[in-house]
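So you can see what is in the structure, the chains are spelled out below.
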Amino acid sequence: MSEAILDDEPPVRSGAIKRHPPEAFEGMRKAGRLAAECLDMISAHVAPGVSTQALDDLIRDFVFDHSALSATIGYRGYRHASCISLNHVICHGIPGPKALKNGDILNIDVTVIVDGWHGDTSRMFFAGDPKVKARRLVDTTYDAMMAGINTVKPGSTLRDIGRAIQAHAEAQGFSIVRDFCGHGLGQVFHDAPNVVHYAEYKDRFGNKHQAPDTRLEAGMFFTVEPMINEGKPDVKLLKDGWTAVARDKSLSAQFEHSIGVTENGVEVFTTSPAGLHKPPYG
């Protein structure tokens, strides 16, 4: 689950960024693996005619059956074990009775807690056969996320991550959502730093905004989770207080990994054990 960037918030929280000891990596591996296994499981159930609530029920049961907790159930009043964001929904879509239709694309975002550690990940899924441009958007979003992750190592910066993501997405004619970001995690759900998915941009008033140039150090844990729109990057928050949609109703896609900075590079905690990294999964 992403964090919102509010107009009156600094790009990075004032709290210190945690540097976790080597033994903490094992806790994150276990939590990340279970979160990834949950998305592996749900891939066989995404199909036209299936409701998003039915998918959430399967996710909830999977998490509890594995003696884990769902970080989203009860979080700020949220009542579901996943966020399921359909077509033009950017993030934080609420599961419900709506049935998937052929050609729909959707992001499923889960966060599990295993022995106090958080595993947070999301992937895109296809219901049936989506259009060519939708497939290209999804492929671009995955590749942009990985381009950002591949910059991670001690001495590189948060801005390097955003630069790689932005360059890849914009080269394909898509736009980066700027209202939401990745976040630190570990034994808390959302922590410093904020991980924005751009290097810089100018707002509608001509003001320039830059990603923080915070240097990465071994032991930092955070998510990388770009949201990329087919059209403009502008966001509208619906009255439910959760669902964020593309203001122009264009398609949106997102992938998310939880990662740790190692002594000489990066470790992805939420890699799919079944090799189901991006659709199609059949």
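Quick summary incoming for the structure in this document. Treat the numbers as computed from the prediction; the structure is a model and nothing was measured. Just so you know, the residues in each chain are numbered from 1, in the order the chain's sequence is written. Totals for whole chains, interfaces and linings use every residue, but because this is a predicted model, local features are given only for residues with pLDDT of at least 70 and side-chain atom pairs only at 80 or more, for both listing and counting. Derived side-chain values reflect all non-hydrogen atoms in the structure, with water molecules and hydrogen atoms excluded from consideration.

### Structural notes on the environment of Glu23
Move 1: The residue Glu23 is located in the loop between strand E1 (3-4) and helix H1 (24-42) in this model.
Move 2: Glu23 sits in the exposed class, given a relative accessible area of 59%.
Move 3: C-alpha separation for the pair Glu23 and Gly219, spaced 196 residues apart in sequence, amounts to 9.9 Å. Here a helix means four or more residues in a row that DSSP labels H or I, a strand means two or more in a row labelled E, and each is numbered from the N terminus. Relative accessibility thresholds used throughout: buried, under 20% of the residue-type maximum; exposed, over 50%; partly exposed, between the two (1.4 Å probe, protein chains only).

### A short note on the nonpolar core
Move 1: By size, the foremost hydrophobic cluster in this structure holds 67 residues, and its most contacted members are Leu106, Ile108 and Phe222.
Move 2: With nine residues, H1 is the single largest residue contributor to this core.
Move 3: We call two residues contacting when some pair of their heavy atoms lies within 4.5 Å. Once you skip the residues sitting within four places of it in the chain, Ile108 turns out to touch Leu39, Ile42, Val46, Leu55, Ile59, Ser82, Cys83, Ile84, Thr121, Ser122, Arg123 and Phe125. Working definition of a nonpolar core: buried Ala, Val, Leu, Ile, Met, Phe, Trp, Tyr and Cys residues. They are joined through side-chain atoms within 4.5 Å.

### Examining the sheet that holds strand E4 (residues 89-91)
In sheet architecture, strand pairing relies on hydrogen bonds along the backbone and comes in two forms, parallel and antiparallel.
Move 1: DSSP-based pairing: two strands are paired if at least 2 bridges between them are found. With antiparallel pairing, three strands are arranged side by side in an open sheet as E4-E15-E14. Both edges of this open sheet fall to E4 and strand E14 (235-237), since each of them pairs with a single strand only. Adjacent strand axes in the sheet meet at a mean angle of 40°, parallel and antiparallel pairs treated alike. Orientation is described by axes fitted as lines to C-alpha atoms, over the contacting stretch for helices, and by angles from 0 to 180 degrees between their N-to-C directions.

### Points about the sheet that holds strand E13 (residues 227-229)
Move 1: With antiparallel pairing, three strands are arranged side by side in an open sheet as E7-E13-E16. Unpaired on one side and paired on the other, strand E7 (175-176) and strand E16 (252-254) mark the two borders of the sheet.
Move 2: Here E7 pairs with E13 via two bridges, running antiparallel. Counterpart to Ile176 in the pairing with E13 is Ile228.
Move 3: Contacts between helix H3 (residues 132-149) and the sheet are confined to E13 and E16, with E16 contributing the most and set at about 35° to the helix.

### Notes on the state of the cysteines
Move 1: By convention in this document, the label disulfide applies to cysteine sulfur atom pairs within 2.5 Å. This model, assessed by the stated rule, comprises zero disulfides.
Move 2: Here Cys83 stays free of any disulfide, with the sulfur of Cys91 as its closest cysteine sulfur at 7.8 Å.
Move 3: The thiol sulfur of Cys181 is not disulfide-bonded, and the nearest other cysteine sulfur, from Cys91, lies at 10 Å.

### Topic: the side chain of His190
Move 1: Mapping His190 onto the fold places it in the loop between strand E8 (180-184) and strand E9 (191-195).
Move 2: A distance of 2.9 Å separates the side chain of His190 from the backbone oxygen of Met1, its partner in a polar contact.
Move 3: Pairing of N or O atoms within 3.5 Å defines a polar contact, subject to two protein rules: one partner must be a possible hydrogen donor and the other a possible acceptor, and residues neighboring in sequence count only if both atoms are side-chain atoms. There is a polar contact of 2.9 Å between the side chain of His190 and the side chain of Tyr75.

### Digging into a nonpolar patch on the surface
Move 1: Surface patches are drawn from residues lacking salt bridges whose relative accessible area is over 30%; two like charges belong together within 9 Å, two nonpolar side chains (Val, Leu, Ile, Met, Phe, Trp, Tyr) within 5 Å. In short, Shrake-Rupley with a 1.4 Å probe defines the accessible areas, and a residue's cover is counted only from the protein chains shown. We define a salt bridge as a contact between a side-chain nitrogen of Lys or Arg and a carboxyl oxygen of Asp or Glu at a distance within 4 Å. Side chains of Phe64, Leu69 and Ile73 sit close together on the surface and give an oily, nonpolar patch of about 270 Å² of accessible area.
Move 2: As for its position among the elements, Phe64 is in helix H2 (residues 52-65).
Move 3: A residue is classified by how much of its surface remains accessible, and Phe64, at 43% relative accessible area, is partly exposed.

### Side note on unusual backbone geometry
Peptide bonds are, in most cases, trans, and in most cases residues other than glycine have a negative phi.
Move 1: Note that the residue after Ala192, namely Pro193, is joined by a cis bond; omega there is 5°.
Move 2: Mapped onto the elements of the fold, Pro193 is located in strand E9.
Move 3: In the segment running from Pro279 into Pro280, the intervening peptide bond is cis, with an omega of 5°.
Move 4: Notably, Ser67 is not glycine yet its phi reads approximately 60°, a positive angle.
Move 5: Here Ser67 is to be found in the loop between H2 and strand E2 (69-70).
Move 6: A relative accessible area of 72% means that Ser67 is categorised as exposed.
Move 7: In this model, Lys249 sits at a positive phi of 65°, which is unusual for a non-glycine residue.

### Things to note about the packing of H3 against helix H4 (residues 158-171)
Two packed helices can be described by the angle between their axes and the distance between those axes.
Move 1: Contact pair H3 / H4: the axes reach a minimum separation of 7 Å and the direction vectors enclose 155°. With respect to H4, the axis of H3 lies roughly antiparallel. Where H3 crosses over H4, the two elements pack in a sense that is right-handed. Packed against H3, whose contacting residues are Thr140, Asp143, Ala144, Ala147 and Gly148, the element H4 presents Ile161, Ala164, Ile165, His168 and Ala169 at the interface.
Move 2: All amino acids are sorted into three groups, where Ala, Val, Leu, Ile, Met, Phe, Trp, Tyr, Cys and Pro are nonpolar, Asp, Glu, Lys and Arg are charged, and the leftover types, Gly among them, are polar. In the contact of H3 with H4, the residues fall into six nonpolar, three polar and one charged. Here roughly perpendicular refers to angles of 65 to 115 degrees, roughly parallel to angles under 35, roughly antiparallel to angles over 145, and oblique to all remaining angles. When the near helix sits turned anticlockwise from the far one by under a right angle, the crossing is termed left-handed; a clockwise turn instead gives a right-handed crossing.

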